[in-house]
Amino acid sequence: MPEAVLQRAASEMLDWQGSGMSVMEMSHRGKEFGAICTQAEADIRTLLAVPEHFHILFMQGGGLGENAIVPMNLSRGTTADFVITGSWSIKSQKEAQRYCTANIAASNAGDHHTRLPDPSTWQLSKDASYVHLCTNETINGIEFQQLPDLAALGSNAPLVIDFSSHVASRSVDWRRVGLAFGGAQKNLGPAGLTLVIVRDDLLGHALEICPSAFNYKIVADNKSMYNTPPTWGIYMAGLTFQWLLRQTEGALTGVAAMEQRNIAKAKLLYDFIDTSSFYVNKIDPGCRSRMNVPFFLVDESRNDAFLAGAREAGLLQLKGHKSVGGMRASIYNAMPLEGVRALVSYMREFERSHA
Ligand SMILES: *Cc1c(COP(=O)(O)O)cnc(C)c1O
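Only a predicted model underlies this, so the values are computations on that prediction, with no experimental measurement involved.

So, how was this worked out
- Residues numbered from 1 in each chain as written.
- Predicted model: local features only at pLDDT ≥ 70, side-chain atom pairs only at ≥ 80, totals over all residues.
- Heavy atoms only, no water.
- Pairing = 2+ DSSP bridges.
- Helix = DSSP H or I, 4+ residues; strand = E, 2+ residues; numbered from the N terminus.
- Axes fitted to C-alpha atoms, helices over the stretch in contact; angles between N-to-C directions.
- Near = heavy atom within 4 Å.
- Polar contact = N/O pair within 3.5 Å; in protein donor to acceptor, adjacent residues only side chain to side chain.
- Areas by Shrake-Rupley, 256 points an atom, 1.4 Å probe, with all protein chains shown as cover.
- Salt bridge = Lys/Arg side-chain N within 4 Å of Asp/Glu carboxyl O.
- Buried < 20%, exposed > 50% of the residue type's maximum accessible area, 1.4 Å probe, protein only.
- Patch = residues over 30% accessible without salt bridge, like charges linked within 9 Å, V, L, I, M, F, W, Y side chains within 5 Å.
- Contact = heavy atoms within 4.5 Å.

**Notes on the sheet that holds strand E9 (residues 194–199)**
If you walk across this open sheet you meet the seven strands as E1-E9-E8-E7-E4-E2-E3, and the pairing is mixed. Each edge of the sheet is formed by a strand with only one pairing partner; in this case those strands are strand E1 (54–59) and strand E3 (101–107). The sheet shows a mean angle of 20° between the axes of neighbouring strands, taken without regard to direction. Bridge analysis of strand E8 (residues 179–183) against E9 gives five bridges, and the strand direction is antiparallel. Among the inter-strand pairings, phenylalanine 181 is bridged to a residue of E9, identified as valine 196.

As structure tokens, this is what we get:
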């Protein structure tokens, strides 16, 4: 979370803008919360340049929830294609099997998820109801630098992207997307809120078994108020959206400014790792994630010492995911360049004193 957002929320915690209530005490149908929600929706539409024919939904259930909610709403019980690129797309494909035929169109498992399968090699189904990609594999540290043009690959299926871990870190080419979903907790706000952005024509095809609260058409028709939405999450994400809108880098603002900053942050860290013989990142440079940088100490017996020293230097949460091991620096939007500088200077000093 950006510190400015936390400060603002703290200052409004007991009394939101003279209403006499905390946001947590408001009715979700009252005018105060209505204003918060409407503003948040308008701001994320502006930030991500979401066209008018897409609905913005504030839901619950997280990324894993969407792994079931998407096939219940889009698959019509037929076939959906999955491009396997790492841990999260594997989970999505497995979950979807309960609702449809979940075809694996391509997989980079043979490369241990270190490079993206070239779109020209994808075996897309003839009549897939959708094609699923995880556009930033958080655990593996691999990111699509551009979205595939499915039409050019001979598919007329809508593209579904899980952008949980890089939403608002870069722009989205909506011409190539049918639906995007993301848990808020990486780049937008606290856990508990899920952002879904879905094209008009994809609503209204849900399976009978789909719970009403997870039926995109019902949620859209009720402006995310079919049931009580995660009000605190929407409020906090709304403050983050306003913070994002205020960010500038030279002439750039909002997400374009963040993207510039994220490129600089990632470059600083990858360049250092690549020039060091003490640390290594195994991901193909053409698809390295700007948000999640997994790296290994060449001598892994020093891992505990590295982490202990990092903690002492105020550098937290660097232990890699247990399925990958090593280290992982998650440098989301709220992490300033100075934070990455501090990490690199710690890594340099650790190398100097242990090499
Ligand atoms: C973190 C993350 C999720 C999270 O799912 P939850 O159900 O919210 O825990 C899903 N997809 C990706 C790519 C993620 O990084």
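**Focus: the site of the ligand**
Every residue near the ligand is listed here: Gly62, Gly63, Leu64, Trp88, Cys134, Asn136, Thr138, Asp162, Ser164, Ser165, Gln185 and Lys186. Take serine 164: an N or O atom from its side chain is 3.4 Å from a nitrogen atom of the ligand. Between an oxygen atom of the ligand and a side-chain N or O atom of glutamine 185, the distance comes to 2.8 Å. Its free accessible area being 380 Å², the ligand has 86% of it covered by the protein chains.

**Looking at the pattern of salt bridges**
One pass over the full model with this rule turns up 16 salt bridges. A salt bridge links arginine 199 to aspartate 201, with the shortest nitrogen-to-oxygen separation between them at 2.7 Å. Looking at arginine 199, the relative accessible area reads 21%, which means it is partly exposed. Measuring nitrogen to oxygen at the nearest pair gives 2.7 Å for the salt bridge that ties arginine 352 to glutamate 349. With arginine 352 and glutamate 349 both in helix H9 (residues 337–354) and three residues apart, the pair spans about one turn of that helix. Salt bridges here are not isolated pairs; linked through shared partners, they connect Asp149, Asp173, Arg175 and Arg176.

**Remarks on a nonpolar patch on the surface**
Where nonpolar side chains cluster on the molecular surface, the patch consists of Met13, Leu14 and Met24 and spans about 330 Å² of accessible area. Mapped onto the secondary structure, methionine 13 falls in the loop between helix H1 (3–12) and helix H2 (31–47).

**Regarding the sheet that holds strand E13 (residues 292–297)**
Taken in spatial order, the three strands of this open sheet run E12-E13-E14, and their pairing is antiparallel. Looking at the sheet topology across the chains shown, the edges are occupied by strand E12 (279–280) and strand E14 (327–330). Against the sheet, helix H7 (residues 254–275) touches E12, E13 and E14, its axis set at about 20° to E13.

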